[in-house]
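# Fold and geometry: a report
Each chain, written out:
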Amino acid sequence: MSSLTHFDDQGQAHMVDVAAKASTHRIGVAGGRIEMLPATLAIIESGSAKKGDVLGIARIAGIMAAKKTSDLIPLCHPLALTRVAIDFEATHADLTGASSIFCTATVETVGPTGVEMEALTAVQVALLTIYDMCKAVDRGMTITGVKLLEKHGGKSGSFVAG
């Protein structure tokens, strides 16, 4: 494992200097799940949630979050994103009785630094938006398994989670 890049030689936090890094096409893909009662998923899928189109609003929230990542994470660089895609996949009640929605965020840019943090932030905020919109009927929802799934571009090349 390489040394932590967000600390200087004296151990002080700093923003990494990316001026000398080549601009390349960068892609970050993250995913995560929100588990809920089957009845909650039914409300989401039927479009009958009192606050409106849950997944539509969560998609917009995820896109906005990716664009605002540098405002939320202190040492992230502000990036000109070229693409943000938020996708949802519902899973109906499994053996444990839980239903869930899996969120995938794909974020792209052309620049000197990656978009992993933007993808991770997008997933978290999209899932939090689902929670916010449905908490009146299911306060026991659980957000779980948020992680980087893929990263492409830059000096370190590609990463695909096992």
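Residues numbered from 1 in each chain as written. Predicted model: local features only at pLDDT ≥ 70, side-chain atom pairs only at ≥ 80, totals over all residues. Heavy atoms only, no water.

### So, the side chain of E118
Applied cut-off: Strands here are runs of E lasting at least two residues and helices are runs of H or I lasting at least four, both read from the DSSP assignment and numbered beginning at the N terminus. Working definition: with a 1.4 Å probe on protein chains only, accessible area under 20% of the residue-type maximum means buried, over 50% means exposed, and in between means partly exposed. Charged residues are defined narrowly, with Lys and Arg counted positive, Asp and Glu counted negative, and His plus the chain ends left uncounted. Every case where a carboxyl oxygen of Asp or Glu lies within 4 Å of a side-chain nitrogen of Lys or Arg is listed as a salt bridge. Residues count as neighbours in contact if any of their non-hydrogen atoms are within 4.5 Å of one another.
Looking at where E118 falls in the secondary structure, it is placed in helix α4 (residues 116-134). R26 provides the closest opposite charge to the buried, unpaired E118, separated from it by 10 Å. Those residues in contact with E118 that lie beyond four places of it in its chain are A66, T69, H77, L79, L81 and V107.

### Considerations on a nonpolar patch on the surface
So the rule is basically this: Like-charged residues within 9 Å of one another, or nonpolar side chains (Val, Leu, Ile, Met, Phe, Trp, Tyr) within 5 Å, are grouped into patches, provided each residue has over 30% relative accessible area and no salt bridge. For the accessible areas, the method is Shrake-Rupley and the probe is 1.4 Å, while residue cover comes only from the protein chains on display.
There is a patch of nonpolar side chains on the surface, built from L72, I73 and M117 and spanning about 250 Å² of accessible area. Positionally, M117 belongs in helix α4.

### A short note on the side chain of T106
Secondary-structure assignment places T106 in strand β3 (residues 99-111). Those residues in contact with T106, other than ones at most four positions away along the chain, are I27, G28, V29, R83, V84 and A85.

### A short note on the pairing of strand β1 (residues 24-36)
Using the following cut-off: Here a strand pair is declared whenever DSSP counts at least two bridges between the two strands.
Pairing between β1 and β3: 13 bridges, direction antiparallel. Each bridged residue has a counterpart across the sheet, and for R26 the counterpart in β3 is T109. Sheet topology note: the β1/strand β4 (residues 142-152) ladder contains eight bridges and is antiparallel. When the sheet's bridge partners are listed, I34 is paired in β4 with I143.

### Some points on the packing of helix α2 (residues 54-67) against α4
Rules: Between N-to-C directions, angles span 0 to 180 degrees; the directions come from axes that are lines fitted to C-alpha atoms, helices contributing only their stretch in contact. Two helices that cross are described as forming a left-handed crossing if the nearer one is turned anticlockwise from the farther one by less than a right angle, and a right-handed crossing if clockwise. Side-chain classes follow a simple rule in which Ala, Val, Leu, Ile, Met, Phe, Trp, Tyr, Cys and Pro form the nonpolar group, Asp, Glu, Lys and Arg form the charged group, and the remainder, Gly included, forms the polar group.
Two numbers describe how α2 lies on α4: the axes approach to 7 Å, and their chain directions differ by 145 degrees. Of the two possible hands of crossing, α2 and α4 adopt the one that is right-handed. Listed contacts from α4 to V54, L55, I57, A58, A61, G62, A65 and A66 of α2 are E118, T121, A122, V125, A126, T129, I130, M133 and C134. Split by residue class, the contact of α2 with α4 holds 13 nonpolar, three polar and one charged.

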